[in-house]
Number of protein chains: 2
Amino acid sequence: MKKIQRALISVSNKECLLPLLHILKKYKIEIISSGGTYKKIKNLKFKCTEISDYTGTNEILDGRVKTLHPKIYAGILYKRDNKSHYQDLIQNKFKNIDLVVVNFYPFEKILRDKINNKEIIENIDVGGPAMARAAAKNYNDVTVITSSSQYEEFINEIKKFNGKTSLNFRRKMSQIAFSETSHYDSIISNYFNKITSNLFPKRKIISGSLIERLRYGENPHQESAIYSKDGTINFKQLHGKKLSYNNYNDIFSAISISKSLKKNTGVVIVKHTNPCGVSTIKDTVECYKSALACDPISAFGGIVSCNFKINRKLALELNKFFFEVIIGDKFDNNAIKILKKRKNLRLIDASDYTSSEIFKFNSMNGSFLVQSDDKKVFTKKNFEIVSKKKPSISQLNDLLFAFNICRFVKSNAIVIASNKTTLGIGSGQPSRIDSCQIAIDKMKKFTKLKKELVAASDAFFPFVDGIERLVQSGVKAIIQPMGSIRDKEIIKFANDTNTVLLFSKTRHFKH
Amino acid sequence: MKKIQRALISVSNKECLLPLLHILKKYKIEIISSGGTYKKIKNLKFKCTEISDYTGTNEILDGRVKTLHPKIYAGILYKRDNKSHYQDLIQNKFKNIDLVVVNFYPFEKILRDKINNKEIIENIDVGGPAMARAAAKNYNDVTVITSSSQYEEFINEIKKFNGKTSLNFRRKMSQIAFSETSHYDSIISNYFNKITSNLFPKRKIISGSLIERLRYGENPHQESAIYSKDGTINFKQLHGKKLSYNNYNDIFSAISISKSLKKNTGVVIVKHTNPCGVSTIKDTVECYKSALACDPISAFGGIVSCNFKINRKLALELNKFFFEVIIGDKFDNNAIKILKKRKNLRLIDASDYTSSEIFKFNSMNGSFLVQSDDKKVFTKKNFEIVSKKKPSISQLNDLLFAFNICRFVKSNAIVIASNKTTLGIGSGQPSRIDSCQIAIDKMKKFTKLKKELVAASDAFFPFVDGIERLVQSGVKAIIQPMGSIRDKEIIKFANDTNTVLLFSKTRHFKH
């Protein structure tokens, strides 16, 4: 381990420099810097050499090429244990640079601030990443610091080793540096993909910042973490234990369903990522009770999501049942008070949640599938009535409601509904007839009153048997995509039984 | 649009340069180059200036800092429409560089070749990415080419525009350059993560190379593509139409299940990513027939995967049924001949497939969950017999078989098995009792003979009701993780009914 003699500092974020400068002074480490960083250091009353004085080259092109000089790169890149490298350095009167403190122009922030393309491009840092990469490559001899959040760790390290750093520390800092440069270029690359409308470029780079490590994954023997673009999540936990992998998975599912329903009138209960009850009845307590009534056995230990503010009255009702998570678009104070009494219950405010997903990806043994999100929402425009019998307005509304729920149910999906509430959901089956039977069984088990039933299927019925069973169970109107070679037979069956049949033409597979 | 006057070429891959050099000569474009590229160009008898002659600086440190010089970077980065930039260039006697052709040290290849850490680090390219990034940033004036696969497109462009390139072309090349640098650093970063055992770094970068665009995603209105690390897939399609998104999804699921079974003795049939029949009977035809018999209705249009070579006898049998995809560890010639008669059938050779997944990831509205793969395989060691009645050897084998299949069935999962064959699989249900009922219904529907039944559950039974129903249907032995507050009740029930009960202690949730 050699003492650090010389540092190059070039930072876009000029906060927190003071303790760093103090420790460099303490160990008599020479500082080279440029531009704004140089001014900042001088203002803080520390010694510092301007980079153009150091290299002997004028600063040109508004500072675009300040650091891109052999004297800088030789100083960083030369191998300290290589005699010929050392000779090269001496002959050229270059000096070793042992510490590089650099962070990049804030491209990510600039993108968020939506400045024009010219300004965005101007904020692509060329010198910073090049220096960071050179220092990171030569971690055997050089320490690279790429974020002010590392200053404290660096200060502790250099104190511990009396002006030096350990190889382990340098390797760790290199690992971070390369993940920073890769992340930085992934943002730039994705910006270019966006402006050139390239959804599936030759290289797809998905870059995430750690939100948190999770206790474990889907199962206790699996390790896990959650990432997002900027390391933040777009909902807020108000109460309860840390979220688990399965909580996150279910919460995202529940919020995406409830947010897809008409504003301020939707409750969904989710278990194992599948909805097991959905309602959009106007009265919020009735709405919740109806969603729960669809399958109260499955709902036990599940997640409930309301797309409206949860008030005291609803909180009292929710409190009667065991949920792991309750999600609302805010909670009023009385509701919070009531629900917080349960220590293990997690409360989530999803009022800031917006659907921002452009594509979904799914890993499979080293490969991954990418697809645009299934965002197609069904309205009265995009279907065809193929039966002689036409739907009533309430049937039509229920058919659209049921079909739009299919989008969130794992295939094969059958949703039986009435009065904007699901009464039976069949999911996750390898054959459609089984999903029909499950939906029917649930409906029969939990629905006491006789209702006007409709049903939706996420994909076409391959045979008549599925709709036959639904009709026998009281379903009067069915919506499904077309596409079976037996479509004609199915239409005939609908007409023979005076059933309303709609073809949606769009499928909603979800696996 | 200005004519390209000067090009800098520095390539690690020196193939295919000839047509590029010809076109540069045709348009009187000056070439600057260094090291191996310079030699190659001279050998091909083209004019070229060595970079150290161009910059006036000696090559030092074994070429580590060849191009990192203000004369190079000013030439690339100066804004052609900025007068002060132009003055800077003139005053320093620098010249414009309008084309940068660069590709990087083959870090990926080096990693594959498993050379030692020192050599790996030596192959981190510093100069190449810096030049590519500078040129890509200044795409308004400069063209950057980062792969020999772009030469042809570049040649066509420069011919079309008579020695110039269009802004659209330059922007597209920049987009590719940034995705290359990001990809390159993601590989380096992941290498560092590996050597520092950092599974969940602060930044997680997932980088993929396009295998192919797919016709559509899970549904026709979704766009889709598949990626892998190196743009190749680890199985081979021998026959049939292009694979769809859903094919890929099912194929990966089917292969991972069949490869998890004892070598040369496993058949699985998959539908919608869930297994709907699995057998490990030794005779291959019997094995297939047994897997099919578990749920022949669901199997229709499904995917079958055999973890052995498919011969003529089995091919004749497979040919009697409608599958979308048949997967084998090779096919013998007669088998291929028989199966190829079906035009729409896809045949996949999975003999080269190995499980290489370290972690799985799952996108959710801009965030993503990462977890290590659930690779835990159950053997006779890791369970506890908690009932008075002990399992027979064949029961024990069937219990382990069934529990290991649970790992691949979407939760809640119940697998009823006998003689190393599934007889009923309940999947994708929000309540365990429903999965029990589905598994029982399937078993009763398709199993004609009375068999010695066992059952496995992916997670604990919360109540006695689930195992009660299984036992009433003839199940004599059950395996499940422990963890319910009613475990004691459940053990009591097993003892009262003389049922074998095993606790696996490990859960196999899959959502």
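Residues numbered from 1 in each chain as written. Chains lettered and ligands numbered in written order. Predicted model: local features only at pLDDT ≥ 70, side-chain atom pairs only at ≥ 80, totals over all residues.

1. Focus on the relation of the copies chain B and chain A
Of the transformation placing chain B onto chain A, the axial shift is 0.0 Å and the rotation is 180°, giving an RMSD of 0.1 Å. Such a combination of rotation and displacement between the chain copies is what one expects of a two-fold axis. (Least-squares fit on C-alpha atoms with pLDDT ≥ 70 in both.)

2. Points about the interface of chain B and chain A
The interface of chain B with chain A comprises 119 residues on the first partner and 119 residues on the second. Residue contributions to the side of chain B that touches chain A peak at 17 residues, all from helix H10 (residues 167-195) of chain B. Among the residues forming the side of chain B that touches chain A, the class breakdown is 45 nonpolar, 49 polar and 25 charged. In terms of strand pairing, strand E15 (residues 367-372) of chain A meets strand E7 (residues 224-228) of chain B through 5 bridges, oriented antiparallel. Each residue of the ladder has a partner; that of Ser367(A), found in E7(B), is Ser228(B). (Contact = placed C-beta atoms within 7 Å. Helix = DSSP H or I, 4+ residues; strand = E, 2+ residues; numbered from the N terminus. Nonpolar A, V, L, I, M, F, W, Y, C, P; charged D, E, K, R; others polar. Pairing = 2+ DSSP bridges.)

3. Regarding the domain arrangement of chain A
Residues and elements named next belong to chain A. Splitting chain A by domain gives domain 1 (6-195), domain 2 (232-349) and domain 3 (379-503). For domain 2 and domain 3, the distance between their C-alpha centres works out to 27 Å. Each partner contributes to the interface: domain 2 provides 17 residues, whereas domain 3 provides 16 residues. Those elements that place two or more of their residues in the side of domain 2 that touches domain 3 are helix H11 (245-260), strand E10 (274-279) and helix H12 (284-293). Per-element tally for the side of domain 2 that touches domain 3: the top contributor is E10, with 6 residues. Taken together, the residues of the side of domain 2 that touches domain 3 sort by class into 9 nonpolar, 7 polar and 1 charged. (Domains from an automatic or database assignment.)

4. Here we look at the environment of Ser182(B)
Residue and element names in this part refer to chain B. When you line up the elements, Ser182 lands in helix H10. C-beta crowding within 10 Å serves as the criterion here: with 26 such atoms nearby, Ser182 is assigned to the buried category. Note: C-alpha distance between Ser182 and Lys445 (263 residues apart in sequence) is 55 Å. (Buried ≥ 20, exposed ≤ 12 C-beta atoms within 10 Å, placed from the backbone.)

5. As for the packing of helix H17 (residues 432-446) of chain A against helix H18 (residues 465-472) of chain A
Axis angle and axis distance: for two packed helices, these are the angle between their axes and the distance between the axes, and together they describe the pair. Residues and elements named next belong to chain A. Look at H17 against H18: their axes get within 9 Å of each other, and the N-to-C directions meet at 10°. When the axes of H17 and H18 are compared, the pair comes out roughly parallel. Only Asp465, Gly466, Arg469 and Leu470 of H18 make contact with H17, whose side of the interface consists of Arg432, Ile433, Cys436, Gln437 and Ile440. Its residues assigned to classes, the contact of H17 with H18 comprises 4 nonpolar, 2 polar and 3 charged. (Axes fitted to C-alpha atoms, helices over the stretch in contact; angles between N-to-C directions. Parallel < 35°, antiparallel > 145°, perpendicular 65-115°, else oblique.)

6. Notes on the sheet that holds strand E5 (residues 143-145) of chain B
Taken together, 5 strands build an open sheet; the order of strands is E3-E2-E1-E4-E5 (chain B) and the sheet is parallel. The open sheet has two edge strands, strand E3 (49-50) and E5 of chain B, and neither has a second partner.

7. Describing the confidence of the model for chain A
Confidence along chain A averages 94 in pLDDT terms, with 100% of residues attaining 70 or more. In the predicted complex, the global pTM is 0.92; the interface-specific ipTM is 0.91. (pLDDT = per-residue confidence, 0-100.)

8. Remarks on the sheet that holds strand E3 (residues 49-50) of chain A
Residues and elements named next belong to chain A. The parallel open sheet is built from 5 strands, whose spatial order is E3-E2-E1-E4-E5. The sheet is open, and its two edges are formed by E3 and strand E5 (143-145), each paired on a single side. Direction of pairing for strand E2 (residues 30-33) relative to E3: parallel, over a ladder of 2 bridges. By the bridge assignment, Ser33 is partnered in E3 with Glu50. Helix H2 (residues 35-43) rests against strand E1 (6-10), E2 and E3 of the sheet, and its axis sits at about 140° to E2.

9. Quick word on unusual backbone geometry
Residues and elements named next belong to chain A. The amide bond that connects Ser411 to the next residue, Asn412, takes the cis arrangement and shows omega of -15°. You can see Asn412 is positioned in the loop between helix H16 (393-406) and strand E17 (414-418). The phi torsion at Asn498 lies on the positive side, around 60°, for a residue other than glycine. Counting through the fold element by element, Asn498 comes out in the loop between helix H19 (487-496) and strand E21 (500-503).

10. Structural notes on helix H4 (residues 70-77) of chain A
Among the 8 residues of H4(A), 8 are classified as buried, and the element is accordingly described as predominantly covered. Its buried side turned inward, H4(A) meets E1, helix H3 (51-55), helix H5 (83-91), strand E4 (99-102) and helix H8 (127-137) of chain A.

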